[in-house]
Amino acid sequence: MPRSRVLRRVALRLAGAVFVLWAVATLTFFAIHLVPGDPAQAILGGPGSQASQKALDQVRADYGLDQPLVVQYVAMLGRLLTGDLGDSYDLKTPVAALIGGQLLGTLALAGLALLVAWVLAVGLALWSTSAGRVGRAIAGGLELTAAALPHFWLATVLIAVFSTTLGWLPPVSNDAVSGLVLPVITLAVPLAGFLAQIMREQMLQALEQPFAVSAAARGETAAGVRLRHALRHAALPAINLSGWAVGYLISGAVVVETIFARPGLGRTLLRATELRDVPVVVGVVLVVALVYVLMTIATDVVSRLADPRMAREESA
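As the structure is a prediction and not an experimental result, all values here were calculated from the model. (Residues numbered from 1 in each chain as written. Predicted model: local features only at pLDDT ≥ 70, side-chain atom pairs only at ≥ 80, totals over all residues. Heavy atoms only, no water.)

A few words now on the overall build of the protein. Within the protein, the secondary structure is distributed over 13 helices and 0 strands. Reading the helices (α) and strands (β) of the protein from amino to carboxyl end gives α-α-α-α-α-α-α-α-α-α-α-α-α. Counting only C-alpha atoms and orienting by the principal axes, one finds that the protein spans roughly 85 × 60 × 30 Å. Here the protein, with 316 residues, has 41% of them falling under the buried criterion. Considering only residue pairs separated by 6 or more positions, the protein has 73% of its internal contacts joining residues 24 or more positions apart. Working note: accessible area of the protein is about 16200 Å², and carbon and sulfur atoms make up 67% of it. Positive and negative side-chain charges of the protein, numbering 23 and 19 respectively, have mean locations separated by a distance of 11 Å. (Helix = DSSP H or I, 4+ residues; strand = E, 2+ residues; numbered from the N terminus. Buried < 20%, exposed > 50% of the residue type's maximum accessible area, 1.4 Å probe, protein only. Contact = heavy atoms within 4.5 Å. Areas by Shrake-Rupley, 256 points an atom, 1.4 Å probe, with all protein chains shown as cover. Lys, Arg positive; Asp, Glu negative; His and termini not counted. Charge placed at Lys NZ, Arg CZ, Asp CG, Glu CD.)

Here it is in structure tokens:
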């Protein structure tokens, strides 16, 4: 795929990303105002602060909360256009600094989970396509079961087995590598089941194509045909889905970070939503949407570099 075509496609996707971010910010802003609660109360310390009506009125005036909702929305868009995410109502700190302190942990969790999911999916797909009809039936059952597992249930089972019963891993996340194992597995297993289903079906189709049949006729082993030829074609749909998978993993991080008491954007978003901390909610959702958009663009480019036929088909 020519470099100019790649750059042009990336530019078009980035232009579309601007619209996506605007839509996300708009929907998030109005959705958070549907949550019961008073932002002024959150600014003054929450419901337990017993703030006076005079103090509440003063805070609403200072933060523009006494203005019509449309005016508040326009003011928010104006700040976002200048790169200002505002200050947290609850923590009284800049939202950008707050997100910056939590973003790396969540991205590390999601990135490791994506890597583990890919390893599991590729291994399961390679095994199932070489194990015969019975093996494929077993693999199909494992894939379906894994894909259907809720994060909160899987996390609870993993803690009960590996922390409470065996004592191998900590039930609460910590700074050590061992503190990442259970959260990563919790996120990776359902995604691996979903990716493995796609890769297995694609690999079975690829093994029936002329290029695979001719490779086998030339004397290449069955394992070689699967690894050198079929796996590449089976991986392309999964690569395309990896951008969506990152958004799925970050969404799942809300549950996982809460259960394992792990700092990150998930716990930050949950707390901000409960307190109606509008700047934090909008900021976190925007950052997650931006990561999702960038990953989607990256996977789109990688897919076309890995399979130039996609670009030729579009040109035709």
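There is more to say, and it comes next.
Let's shift gears to the packing of helix 5 (residues 95–128) against helix 11 (residues 265–275). Relative orientation and spacing of two packed helices are given, respectively, by the angle between their axes and the distance between those axes. Where helix 5 contacts helix 11, the axes come no closer than 8 Å and their chain directions differ by 135°. By the angle between their axes, helix 5 is oblique relative to helix 11. Where helix 5 approaches helix 11, its residues Leu98, Ile99, Gln102, Leu103 and Thr106 are matched on the opposing element by Leu265, Gly266 and Thr268. Here the contact of helix 5 with helix 11 is composed, by residue class, of 4 nonpolar, 4 polar and no charged. (Axes fitted to C-alpha atoms, helices over the stretch in contact; angles between N-to-C directions. Parallel < 35°, antiparallel > 145°, perpendicular 65-115°, else oblique. Nonpolar A, V, L, I, M, F, W, Y, C, P; charged D, E, K, R; others polar.)

Formed by 71 residues in total, the largest nonpolar core has its most connected members in Leu109, Leu114, Trp118, Leu191, Leu195, Met199 and Leu249. Discounting residues that sit within four places of it in the chain, tryptophan 118 has contacts with Leu195, Met199, Ala235, Ala238, Ile239 and Ser242. (Core = buried A, V, L, I, M, F, W, Y, C linked by side-chain atoms within 4.5 Å.)

Taken over all residues, the pLDDT of the protein has a mean of 82, while the share at 70 or more is 91%. For the protein, the element scoring lowest by mean pLDDT is helix 13 (residues 309–315), at 48; helix 7 (residues 151–165) scores highest, at 92. The low-confidence segment residues 310–316, where pLDDT is below 50, has 7 contacts with residues more than four positions distant or belonging to other chains. (pLDDT = per-residue confidence, 0-100.)

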